[in-house]
Amino acid sequence: MGETTIEPSRIIVDVDWFMVAGIPLAVCWIAALVHCLTNKRLRDIERLTWVLVIIFFNFIGAIIYLIFGRNPKHDHPPLKK
């Protein structure tokens, strides 16, 4: 059987790609989720909807929330708890 070898330079390229793309996307995803959960301008049903969008659509959902969901245009003032 043939042996599979991995070149050390290939490992470094893969790790660099993760560091360049993966870590910032993960931070963006976590920031969107935390912002959504703490956003007092969202009603409960809106918050639940956005959390589901962020969780099920991963990074795309987080980016969609950060673009469209952070500041809803409602006539009601921020909710006080």
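Look up: the structure comes first, before these words.
Note that this is a predicted model, so its numbers are computed, not measured.

Procedures and definitions
- Residues numbered from 1 in each chain as written.
- Predicted model: local features only at pLDDT ≥ 70, side-chain atom pairs only at ≥ 80, totals over all residues.
- Heavy atoms only, no water.
- Helix = DSSP H or I, 4+ residues; strand = E, 2+ residues; numbered from the N terminus.
- Buried < 20%, exposed > 50% of the residue type's maximum accessible area, 1.4 Å probe, protein only.
- Contact = heavy atoms within 4.5 Å.
- Areas by Shrake-Rupley, 256 points an atom, 1.4 Å probe, with all protein chains shown as cover.
- Salt bridge = Lys/Arg side-chain N within 4 Å of Asp/Glu carboxyl O.
- Core = buried A, V, L, I, M, F, W, Y, C linked by side-chain atoms within 4.5 Å.
- Expected span 1.5 Å × (residues − 1).
- Arc of directions from axis to C-beta.

Undergrad: Explain the overall build of the protein chain to me, and be specific about the residues and the numbers.
TA: Across its full length, the protein chain carries three helices and zero strands. Ordered by position in the sequence, the α and β elements of the protein chain form the string α-α-α. Counting the 81 residues in the protein chain, one finds 21% classified as buried. For the protein chain, the proportion of contacts with a sequence separation of at least 24, taken over those separated by at least 6, is 60%. Here the protein chain displays about 6600 Å² of accessible surface, and carbon together with sulfur accounts for 70% of that area.

Undergrad: A description of the pattern of salt bridges should follow, citing residues and the corresponding values.
TA: Evaluation of the coordinates by the stated rule reveals one salt bridge. The shortest N-O distance in the salt bridge between Asp44 and Arg47 comes to 3.4 Å. Of this pair, Asp44 and Arg47 both sit in helix H2 (residues 44-56), three residues apart, roughly one helical turn.

Undergrad: Describe the nonpolar core, listing the residues and the values that go with them.
TA: Soluble globular proteins tend to pack their nonpolar side chains together in the buried interior. Ala32, Leu33, Cys36, Leu42, Trp50, Val51, Ile54, Ala62 and Tyr65 form the largest nonpolar core, which has nine residues in total. For this core, the elements supplying multiple residues, two or more each, are helix H1 (8-38), H2 and helix H3 (58-69). If sequence neighbours within four positions are ignored, Val51 has contacts with Leu33, Cys36 and Leu37.

Undergrad: Please set out H2 residue by residue, giving values where relevant.
TA: For H2, which comprises 13 residues, the first-to-last C-alpha distance of 18 Å matches the rise-based estimate of 18 Å (1.5 Å per residue) to within 8%. Burial in H2 covers these residues: Glu46, Arg47, Trp50, Val51 and Ile54. Buried residues in H2, looked at end-on, bunch into an arc of 130°, giving them a common side. Exposed positions of H2 whose direction lies more than 90 degrees from the buried face are Asp44, Ile45 and Phe56. The first or second residue beyond H2 is Asn58, which carries a positive phi of 50°.

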